[in-house]
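Structural characterization, general
So you can see what is in the structure, the chains are spelled out below.
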Protein chains: 2
Amino acid sequence: MKRIGRYTLELEQSPWIESYGSVCGKKEWEGPLGEQFDKSFLDTTLGESTWEKAESRLQTEAVEIALEKGGLDQKDIDCIFSGDLLNQCISSTFGLRGLNIPFLGQYGACSTMGQTLAMASVFAESGGADRAVAVTSSHFCSAERQFRFPLEYGGQRTPTAQWTVTGSGAAVVTSGKLSPKKRPSITDGPFRKRRITIRHITIGRMVDLGVTDMNNMGAAMAPAAAQTIADFLEDTGSKPQDYDLILTGDLGQVGTELLEKMLRETGIFIGENHQDCGLLIYDREKQDVHAGGSGCGCAGSVVCAKIFPALEQGTLHNVLFIPTGALMSPTSSQQGESIPSIAHLVHFVAESC
Amino acid sequence: MKRIGRYTLELEQSPWIESYGSVCGKKEWEGPLGEQFDKSFLDTTLGESTWEKAESRLQTEAVEIALEKGGLDQKDIDCIFSGDLLNQCISSTFGLRGLNIPFLGQYGACSTMGQTLAMASVFAESGGADRAVAVTSSHFCSAERQFRFPLEYGGQRTPTAQWTVTGSGAAVVTSGKLSPKKRPSITDGPFRKRRITIRHITIGRMVDLGVTDMNNMGAAMAPAAAQTIADFLEDTGSKPQDYDLILTGDLGQVGTELLEKMLRETGIFIGENHQDCGLLIYDREKQDVHAGGSGCGCAGSVVCAKIFPALEQGTLHNVLFIPTGALMSPTSSQQGESIPSIAHLVHFVAESC
């Protein structure tokens, strides 16, 4: 691993995504990506007695699927990086406590899938782990009552509001020295001809332009995405057109327009190959989600359900993944604070294998 | 970096603690370590309008002191690892948003100083950072109102309850390839003859033995400390007597007795060289803290105020630092959940330089 430029790490030992799993709730299953999730729960309680326990189960399920698809068990995993939006990250801790795997809780709000993938990649690159798991989750109902209103209140949502995704994504990041534990076979579906390697990571800096509207996260987070993308392009001497896809996490419609505008003003044009997980996961014309999807589980489940398969199957080759997070709490907002935000970048390249 | 045994990483490139800073509130200043903190605030509001903003300021102050003592500025730091107990880690984000340093939020409850030091060490070891900062904080008043009762309520505390430390500790972890930026001089106080290197880290696994009493964190966390210490000793083939000091984070009196008992039952005797930051920071006979100190800032401020100077000055040589965290939230406890806990270990060795 070496630093290039000011903010970017180049991974030289080819850590790669050995396996991954994604789960979602009913609304996500009804959206455009529905069939691509490994498992969906039409009862979003998942049979649990509280929303928080349901969210924990999402993480348990996503990790179990990722392990099963890779032919792995708990003993194959050296370390797990996980985080979520709930106070004290209880979805992660309660969802994963049964695994008996060394655990490092991460907090990057909705940027957490970028952060956990980055940390797992650094560990797999540097000898810290042969295999590390990156996982995150969110649940519409646990997020609504913690950050906004109890569901029973039936509060009106503003046009800039986003819909917290009920979902989770988990990925196994493996040292470049290791071969797949499970040999892929025809019966598994498309035969794996490509290996998803993590080539670069750029750790974000906090940005705070003074946005205070808790119902407009896209506007608060767009500047962080713009900064991290600009940092990465400068550090690597590359341009947006070098990538098939520049994928942000949950900027939604408002944040997406702002991001593209902010970058355009600095001479960076990403419109053609930019997509946002928050716009991919729902059909905004048919589903009442206002500005799009959000939550840790948005970027987490979309990257595992749609992007990793496309990289393995050869429809994508070279992808920048930049989930963004709004680093506020209801308390900080009630105290009149603005919303700092952050974005971490992970660069995936599909290699023939 | 290489894995030894099942759970331990051996750092081979000698990352080291280049500088550190500690701050505390009035009660901590009145305790046995009072003069050893770099800065204390007799007004625990720190002049801020809310307790949460006061806690954020603790982190800002600790990092600024660590940088100043090392002759460093923000541009010298490649990455900052920080976490705290508040919902969505707002002490960390709001305390550090002005620094413009790549930021990775960590959540390990009161084990966070171990986790941030471990992550900063991995980055400094592997080329991820020339210099990385590890920092954490807690504040009695912000913790009381979030986890227990509003201060104005005047709730009675149980004998097993601990007192959340108002304090913060920050350390700069530097690549073994770099020399000190600031040459120590006689006028700085004791001339630095020793370099504190990080030799090993052991990432903890969650343990949950079914404790549900939110007022007895020591009992919930002791099993995690016992497990991580046993893992480390087995992985390294060492015994407790090989170390000058085995320092837990905030087990307090109840947890300390339990830890020593649990280890004794497996043939590991740590009593003579075991201390706990939660018992060092207050005088339990004169200060009304019941079972001792707690909070992320307890281990963070004690290691920076007392242990790092002792390692540099030669009164300590070989130290195991094992802060513990209780991974619950008020919500999980109200839902009847037990308290999972975790402990991460960092092994410091003072080398002549």
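A word on the overall build of chain A. Scanning chain A from terminus to terminus reveals 10 helices and 17 strands. Expected size for 353 residues packed as a compact globule is a radius of gyration near 20 Å; at 19 Å, chain A falls within 12% of this value. With respect to the three principal axes, the spread of C-alpha positions in chain A is 50 × 50 × 35 Å. For chain A, the proportion of its 353 residues judged to be buried stands at 66%. Within chain A, contacts between residues separated by at least 24 positions form 77% of all contacts whose residues are at least 6 apart in sequence. For chain A, the exposed area adds up to about 11,900 Å²; of that, 48% sits on carbon and sulfur atoms. Charge centroids of chain A, computed over 31 positive and 42 negative side chains, lie 4 Å from each other.

Turning our attention to the interface of chain B and chain A. The interface is formed by 60 residues belonging to chain B together with 60 residues belonging to chain A. Between chain B and chain A, roughly 4,900 Å² of surface is buried when both sides are summed, and carbon and sulfur atoms account for 58% of that area. Looking only at chain B, the three residues that lose the most surface to chain A are Gln88, Arg97 and Met206 of chain B, adding up to 15% of its buried area. Linking chain B to chain A there are 10 salt bridges. A salt bridge links Arg97 of chain B to Glu337 of chain A; the nearest nitrogen and oxygen atoms lie 2.8 Å apart. At the boundary of chain B with chain A, the tally comes to 33 residue pairs in polar contact (both at pLDDT 80 or more). If you list the elements that add at least two residues to the side of chain B that touches chain A, you get helix 2 (51–69), helix 3 (90–96), strand 6 (103–107), helix 4 (112–126), helix 5 (140–147) and helix 10 (330–334) of chain B.

Here the focus is the nonpolar core. Membership of the largest hydrophobic core comes to 110 residues, with the highest contact counts inside it found for Leu117, Phe308 and Phe348 of chain A together with Leu117, Phe308 and Phe348 of chain B. Excluding its chain neighbours within four sequence positions, the residues that come into contact with Phe308 of chain B are Ile17, Tyr20, Leu117, Ala171, Ile196, Val303 and Phe348 of chain B.

Let's shift gears to the pairing of strand 5 (residues 79–83) of chain A. Residue and element names in this part refer to chain A. The element strand 5 is extensively covered by neighbouring structure, given that five of its five residues are classed as buried. By the alternation rule, side chains of strand 5 split into Cys79, Phe81 and Gly83 and Ile80 and Ser82, which are all buried. Bridge analysis of strand 5 against strand 7 (residues 131–138) gives five bridges, and the strand direction is parallel. Among the inter-strand pairings, Cys79 is bridged to a residue of strand 7, identified as Ala132. Remark: the strand 5/helix 3 (residues 90–96)/strand 6 (residues 103–107) crossover connection has right-handed handedness.

Attention shifts here to the packing of helix 2 of chain B against helix 5 of chain B. All names here are of chain B. Contact geometry of helix 2 with helix 5 gives a least axis separation of 8 Å together with a crossing angle of 135°. Taken as axis vectors, helix 2 and helix 5 run oblique relative to one another. The handedness of the crossing between helix 2 and helix 5 comes out as left-handed. Residues Trp51, Glu52 and Glu55 of helix 2 touch helix 5, and the partners they reach there are Cys141, Ser142 and Arg145.

What follows is about the packing of helix 4 of chain B against helix 9 (residues 296–313) of chain B. Residue and element names in this part refer to chain B. As a packed pair, helix 4 and helix 9 sit with axes 7 Å apart at the nearest point and diverge in direction by 60°. For the pair formed by helix 4 and helix 9, the contact residues are Thr112, Met113 and Leu117 on the first element and Cys296, Gly300, Val303, Cys304 and Phe308 on the second. Looking at side-chain class alone, the contact of helix 4 with helix 9 contains six nonpolar, two polar and no charged residues.

A word on helix 7 (residues 252–264) of chain A. Residue and element names in this part refer to chain A. Under the 1.5 Å per step criterion, the end-to-end length of helix 7 is 18 Å for 13 residues, consistent within 8% with the ideal 18 Å. All of the buried residues in helix 7 are Gly252, Gly255, Thr256, Leu259, Glu260 and Leu263. Taken end-on, helix 7 shows its buried residues confined to a sector of 130°, consistent with a single buried face. Residues of helix 7 that are buried in the fold lie against helix 6 (217–236), strand 11 (245–248), strand 12 (274–276) and helix 8 (277–280).

Another aspect to go through is the relation of the copies chain B and chain A. In the superposition of chain B on chain A (RMSD 0.0 Å, axial shift 0.0 Å), the rotation amounts to 180°. Read as a symmetry element, the transformation amounts to a two-fold axis. Taken as a fraction of all interface residues of chain B, those also at the interface in chain A reach 100%, which identifies the copy contact as same-surface.

Turning to the pattern of salt bridges, a few remarks are in order. All names here are of chain B. For the coordinates displayed, the defined rule picks out 40 salt bridges over all chains. Ionic pairing is found between Lys69 and Asp38, a salt bridge with its closest N-O pair at 3.1 Å. Of this pair, Lys69 sits in helix 2 while Asp38 sits in the loop between helix 1 (26–29) and strand 4 (39–40), and the two are 31 residues apart along the sequence. Here Glu61 ties to Arg57 by a salt bridge, and the two come within 2.8 Å at their closest N and O atoms.

As enumerated under the stated definition, the model contains seven cavities of 30 Å³ or more in all. Roughly 220 Å³ of internal volume is contained in the largest cavity. Secondary-structure elements contributing two or more residues to the lining of the largest cavity are helix 5 (140–147) and helix 6 of chain A. Residues of the lining of the largest cavity, tallied by class, amount to 12 nonpolar, eight polar and two charged. The volume enclosed by the second largest cavity comes to roughly 170 Å³. Lining the second largest cavity are 16 residues, with Leu85, Cys110, Phe147, Arg148 and Met217 of chain B positioned closest to its centre. Elements represented by at least two residues in the lining of the second largest cavity include exactly helix 5 and helix 6 (217–236) of chain B. In terms of residue class, the lining of the second largest cavity is made up of 10 nonpolar, four polar and two charged.

Now for the side chain of Ser329 of chain A. Relative to the assigned elements, Ser329 of chain A resides in the loop between strand 15 (324–326) and helix 10 (330–334). Those residues in contact with Ser329 of chain A that sit more than four places away from it in its chain are Asn87, Gln88 and Ile90 of chain B.

As a further point, take helix 7 (residues 252–265) of chain B. Side chains of residues three or four places apart in an α-helix project in the same direction, reflecting 3.6 residues per turn. All names here are of chain B. Taking 1.5 Å of rise per residue, the 14 residues of helix 7 would be expected to cover 20 Å, and the 20 Å separating its terminal C-alpha atoms lies within 8% of that figure. Contact partners of the buried residues in helix 7: helix 6, strand 11 (245–248), strand 12 (274–276) and helix 8 (277–280). Gly267, located one to two residues past helix 7, shows a positive phi value of around 85°.

In this section: the pairing of strand 6 of chain B. Of all five residues in strand 6 of chain B, five are buried; the element is thus mostly enclosed. Burial along strand 6 of chain B is two-sided: Phe103, Gly105 and Tyr107 of chain B facing one way and Leu104 and Gln106 of chain B facing the other are all buried. Here three bridges tie strand 6 of chain A to strand 6 of chain B, and the two strands are oriented antiparallel to one another. Its bridge partner lying in strand 6 of chain B, Gly105 of chain A is registered against Tyr107 of chain B.

Another aspect to go through is the side chain of Ser111 of chain B. Residue and element names in this part refer to chain B. By the secondary structure assignment, Ser111 is in the loop between strand 6 and helix 4. On the accessibility criterion, Ser111 (0% relative accessible area) is buried. At 2.5 Å, the side chain of Ser111 forms a polar contact with the backbone oxygen of Gly108. Those residues in contact with Ser111 that lie beyond four places of it in its chain are Pro323, Thr324, Gly325, Ile342 and His344.

Residues and elements named next belong to chain A. Under the definition given, this model contains 14 aromatic pairs over all chains. Members of the aromatic cluster, joined through ring pairs, are Tyr20, Phe308, Phe321 and Phe348. Above the ring of Trp16, the side-chain terminus of Arg195 is found at 3.7 Å from the ring centroid.

Parameters at a glance
- Residues numbered from 1 in each chain as written.
- Chains lettered and ligands numbered in written order.
- Predicted model: local features only at pLDDT ≥ 70, side-chain atom pairs only at ≥ 80, totals over all residues.
- Heavy atoms only, no water.
- Helix = DSSP H or I, 4+ residues; strand = E, 2+ residues; numbered from the N terminus.
- Rg over C-alpha atoms; globule rule 2.2 N^0.38 Å.
- Buried < 20%, exposed > 50% of the residue type's maximum accessible area, 1.4 Å probe, protein only.
- Contact = heavy atoms within 4.5 Å.
- Areas by Shrake-Rupley, 256 points an atom, 1.4 Å probe, with all protein chains shown as cover.
- Lys, Arg positive; Asp, Glu negative; His and termini not counted.
- Charge placed at Lys NZ, Arg CZ, Asp CG, Glu CD.
- Buried area = accessible area lost by both parts, 1.4 Å probe.
- Salt bridge = Lys/Arg side-chain N within 4 Å of Asp/Glu carboxyl O.
- Polar contact = N/O pair within 3.5 Å; in protein donor to acceptor, adjacent residues only side chain to side chain.
- Core = buried A, V, L, I, M, F, W, Y, C linked by side-chain atoms within 4.5 Å.
- Pairing = 2+ DSSP bridges.
- Right-handed = clockwise from strand over helix to strand, strands pointing away.
- Axes fitted to C-alpha atoms, helices over the stretch in contact; angles between N-to-C directions.
- Parallel < 35°, antiparallel > 145°, perpendicular 65-115°, else oblique.
- Left-handed = near helix turned anticlockwise from the far one by under 90°.
- Nonpolar A, V, L, I, M, F, W, Y, C, P; charged D, E, K, R; others polar.
- Expected span 1.5 Å × (residues − 1).
- Arc of directions from axis to C-beta.
- Least-squares fit on C-alpha atoms with pLDDT ≥ 70 in both.
- 1 Å grid on protein atoms, 1.4 Å probe; cavity = no way out; pocket = protein on both sides within 12 Å on 5 of 7 lines; lining within 4 Å.
- Points joined across faces, edges and corners; volume = space filled by probe spheres on them.
- Phe/Tyr/Trp six-rings, centres within 6.5 Å; stacked < 30°, edge-to-face > 60°.
- Lys NZ or Arg CZ within 6 Å of the ring centre and 35° of its normal.

Taken by themselves, the reported measurements are silent on function.
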